[in-house]
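Report on the structure
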Amino acid sequence: MKILVPVKRVIDYNVKARPKDDGSDVDLSLAKMGLNPFCEIAIEAALRIKDENDQCEVIAVSVGEKQAQEQIRTALAMGADRGILVEADSPLEPLAVAKCLKIIADRECPDLLIFGKQGIDNDNNQTGQMVAALCGYPQGTFCSAIDIVGDVVAITREVDGGSEVWELPLPAVLTADLRLNEPRYASLPNIMKAKKKPLEVMALGDLGVDTRPRQALLGVSLPSERKPGIKVDSVADLIEKLKNEAKVIL
Amino acid sequence: MKVLIIAQHSEGVLDATTLNVVRAALAISEDISLLVAGCECREVAEDARYLEGVTNVILADHPCYESLSAENLSSLVAEMVPPYSHILAPANTFGKNVMPRLGALLDVQPLTDVLHIEGTDVFLRPIYAGNLIARIQSNDNVKAMTVRTSAFPPVTRRTEACTLEVVDKAFDLQLSRRTKIEIGRSDRPDLGTARVVVSGGRAVGSSENFKLLYSLADKLNGSVGASRAAVDAGFVPYDLQIGQSGRVVAPELYIAVGISGAIQHIAGMKDSKVVVAINKDADAPIFDIADYGLVADLFDVLPELEAQLC
């Protein structure tokens with residue numbers, strides 16, 4: 001069993017992103033960066049399969065700037081076996097990332113690709129589904145449970161209003177939802193060991209993929225703020241306001 | 001400009017979000033086709049013919065579309081483009097499953113969660129859990145997108161039906177198989193379209209205590225939601241979670257009960273018309289975005305509130 005886990009370097013989930021002063025883009029100049037939380041869940045999912053299976057290799061792959069090596073090392077410290085970085089100078093759109101990952105998938109021939117369902121930066125929720133399309137693989141998105149039986153993976157999907165169980169033949173693409181698992185912490189010895197694990201760096205240019213952007217970012221702004229409200233003193237006061245001021249109840 | 005909408009439906013009923021997607025489509029063109037793919041779903045297609053703004057309904061009725069799998073559905077839609085300039089679906093677990101796969105098949109870069117349409121190629125969408133809004137120009141020849149349905153009011157139904165076209169194309173890739181569906185049965189309105197949402201956080205304390213919220217919601221003919229903390233604690237199922245990784249709602253009235261107001265939660269409800277916050281902690285961030293804040297113990301307030309509402 002070979003599992004490919006694509007991971008993304010994103011802003012730390014506790015940091016509130018701000019626009020640049022000129023409104024041209026997001027200001028990441030001083031932001032603390034980390035491994036996308038959904039990618040951490042994807043790594044954990046792969047490691048749990050590996051824990052049950054001696055013959056399992058987990059490969060963490062990222063398409064991004066040079067510093068994304070840090071996030072691959074995090075995945076290696078959690079327990080992934082090796083890493084691959086496709087080094088790109090500028091951020092790529094999901095379609096371009098998917099095309100790069102398709103090339104890696106063609107080379108590595110994994111049985112399973114496990115993605116986080118979305119990056120918490122651009123909230124696109126696209127790359128996994130796109131790789132599935134490009135590879136012609138089945139896709140299981142929003143997974144809250146994964147169970148491999150032979151050459152079929154059974155998954156539970158969290159959908160609006162409930163859940164569904166699907167069966168997909170391997171190889172397949174899965175995307176991890178929030179409740180799939182709780183990722184493990186890397187221990188200090190494992191962090192040290194991770195420094196010696198292989199991390200292959202490839203130049204984006206060597207992949208021969210057309211990654212030219214399809215979209216232009218015209219600007220980034222803050223959403224309209226809610227107007228400051230008031231404190232009410234009692235339930236009676238609240239009901240009076242909802243009826244006569246806001247007029248949202250009769 | 002020609003728009004194609006991919007309709008979501010289940011058990012013979014068109015999903016209510018379709019009405020919002022049609023509204024979004026009207027901001028692009030007056031030539032709107034709506035695809036109803038499924039198995040034995042002619043009734044849904046017939047119903048869709050009466051939606052304001054829809055000029056043509058396309059029915060693809062075949063057992064291979066029964067589960068609306070992304071694999072089969074995206075292959076069908078990819079085959080139908082051109083002539084369409086825009087392809088729209090709701091930004092929920094259905095649309096977000098299908099649209100990226102379709103985008104890759106068409107070699108276009110879709111937009112997720114469009115909340116405003118400025119023109120035929122310029123769109124606004126939230127990024128960073130809705131803390132920022134990106135203004136994006138799409139240069140693809142086909143613009144594929146999921147739209148945030150709470151940002152577009154629903155269209156109405158009309159008395160005249162539009163044309164119905166039947167396509168006889170079966171893309172049976174047999175790549176995936178749905179074996180089970182568990183949909184939470186409830187007489188309450190759907191969380192995504194409810195006029196009132198009563199939402200609880202960790203401070204509610206237990207699933208037993210959530211009954212206080214259900215009771216209040218029923219009185220207001222509303223629905224119940226929850227913060228991630230309440231879902232993580234096991235008080236309510238995951239499908240009630242509101243926020244960056246759950247549902248996005250924008251009801252007329254949102255009552256946040258014992259919710260502190262993490263940015264991820266606020267991302268899912270800040271477009272509500274009126275927000276009420278009830279929390280013991282006067283410093284809770286939820287009060288910064290609430291129209292009406294009541295600093296009090298929820299266990300005192302909820303029964304009183306319910307009793308005083310006639």
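The name an unreviewed UniProt entry assigns to chain B is Electron transfer flavoprotein subunit alpha, from the organism Microbulbifer rhizosphaerae. As stated in UniProt under Sequence similarities (unreviewed entry), the record for chain B gives "Belongs to the ETF alpha-subunit/FixB family." Database annotation for chain B, UniProt heading Function (unreviewed entry): "The electron transfer flavoprotein serves as a specific electron acceptor for other dehydrogenases. It transfers the electrons to the main respiratory chain via ETF-ubiquinone oxidoreductase (ETF dehydrogenase)."

Looking at an unreviewed UniProt entry, one finds chain A named Electron transfer flavoprotein subunit beta, with Microbulbifer rhizosphaerae as its source organism. In its Sequence similarities (unreviewed entry) section, the UniProt record describing chain A reads: "Belongs to the ETF beta-subunit/FixA family." Quoted verbatim from the Subunit (unreviewed entry) field of the UniProt record, the comment on chain A reads "Heterodimer of an alpha and a beta subunit."

Notes on a nonpolar patch on the surface
All names here are of chain A. Side chains of Leu188, Ile191 and Met192 sit close together on the surface and give an oily, nonpolar patch of about 290 Å² of accessible area. With respect to the element layout, Ile191 can be found in helix α5 (residues 188-194). Classification of Ile191 by relative accessible area gives partly exposed; the value is 34%.

As for the domain arrangement of chain B
Residues and elements named next belong to chain B. Looking at chain B, the domain boundaries give domain 1 (3-166) and domain 2 (196-308). Taken together, the six residues of domain 1 in the interface contact seven residues of domain 2. Carbon and sulfur atoms supply 51% of the area that domain 1 and domain 2 bury against each other, a total of about 540 Å² over both sides. Broken down residue by residue, the surface that domain 1 buries against domain 2 is led by Ala129, Arg148 and Ser150, which jointly contribute 72%.

With respect to the side chain of Lys241 of chain A
Note on placement: Lys241 of chain A falls in helix α6 (residues 235-244). Residue classification places Lys241 of chain A among the buried positions, given a relative accessible area of 17%. Once residues within four sequence positions are removed from consideration, Lys241 of chain A is found in contact with Ile230, Val232, Ala246 and Lys247 of chain A together with Tyr292 of chain B.

Some words on helix α3 (residues 94-108) of chain A
All names here are of chain A. The first and last C-alpha atoms of α3 sit 20 Å apart over 15 residues, in line with the 21 Å expected at 1.5 Å per residue. Listing the buried residues of α3 in full gives Pro94, Leu95, Ala96, Val97, Ala98, Lys99, Cys100, Leu101, Ile104, Ala105 and Glu108. Following α3 by one or two positions, Cys109 adopts a phi angle in the positive range, close to 50°.

Examining the packing of helix α3 (residues 70-80) of chain B against helix α4 (residues 93-106) of chain B
Residues and elements named next belong to chain B. Direction vectors running N to C along α3 and α4 enclose 50°, while the axes themselves pass 9 Å from each other. Relative to α4, the element α3 lies oblique. The handedness of the crossing between α3 and α4 comes out as right-handed. Contacts from Ala70, Glu71, Leu73, Ser74, Ser75, Val77 and Ala78 in α3 reach Phe94, Asn97, Val98, Arg101, Leu102, Leu105 and Leu106 in α4. By residue class, the composition of the contact of α3 with α4 is nine nonpolar, three polar and two charged.

Overview of the sheet that holds strand β5 (residues 56-61) of chain B
All names here are of chain B. With parallel pairing, seven strands are arranged side by side in an open sheet as β7-β11-β6-β1-β4-β5-β12. The open sheet terminates on both sides in strands that have one partner only, identified here as β7 (111-114) and β12 (163-166). Across the sheet, the mean angle separating the axes of adjacent strands is 25° when strand polarity is ignored. Taken together, the five bridges between strand β6 (residues 86-90) and strand β11 (residues 143-147) define a ladder with parallel strand orientation. Of the residues in β11, the one forming a bridge with His86 is Lys143. Against the sheet, helix α1 (residues 17-26) makes contact with β1 (3-6), β4 (32-38), β6 and β11, and its axis sits at roughly 150° relative to β6, the strand it touches most.

Conventions and cut-offs
Residues numbered from 1 in each chain as written. Chains lettered and ligands numbered in written order. Predicted model: local features only at pLDDT ≥ 70, side-chain atom pairs only at ≥ 80, totals over all residues. Heavy atoms only, no water. UniProt positions renumbered as here; feature names shortened; annotations may be inferred. Patch = residues over 30% accessible without salt bridge, like charges linked within 9 Å, V, L, I, M, F, W, Y side chains within 5 Å. Areas by Shrake-Rupley, 256 points an atom, 1.4 Å probe, with all protein chains shown as cover. Salt bridge = Lys/Arg side-chain N within 4 Å of Asp/Glu carboxyl O. Helix = DSSP H or I, 4+ residues; strand = E, 2+ residues; numbered from the N terminus. Buried < 20%, exposed > 50% of the residue type's maximum accessible area, 1.4 Å probe, protein only. Domains from an automatic or database assignment. Contact = heavy atoms within 4.5 Å. Buried area = accessible area lost by both parts, 1.4 Å probe. Expected span 1.5 Å × (residues − 1). Axes fitted to C-alpha atoms, helices over the stretch in contact; angles between N-to-C directions. Parallel < 35°, antiparallel > 145°, perpendicular 65-115°, else oblique. Left-handed = near helix turned anticlockwise from the far one by under 90°. Nonpolar A, V, L, I, M, F, W, Y, C, P; charged D, E, K, R; others polar. Pairing = 2+ DSSP bridges.

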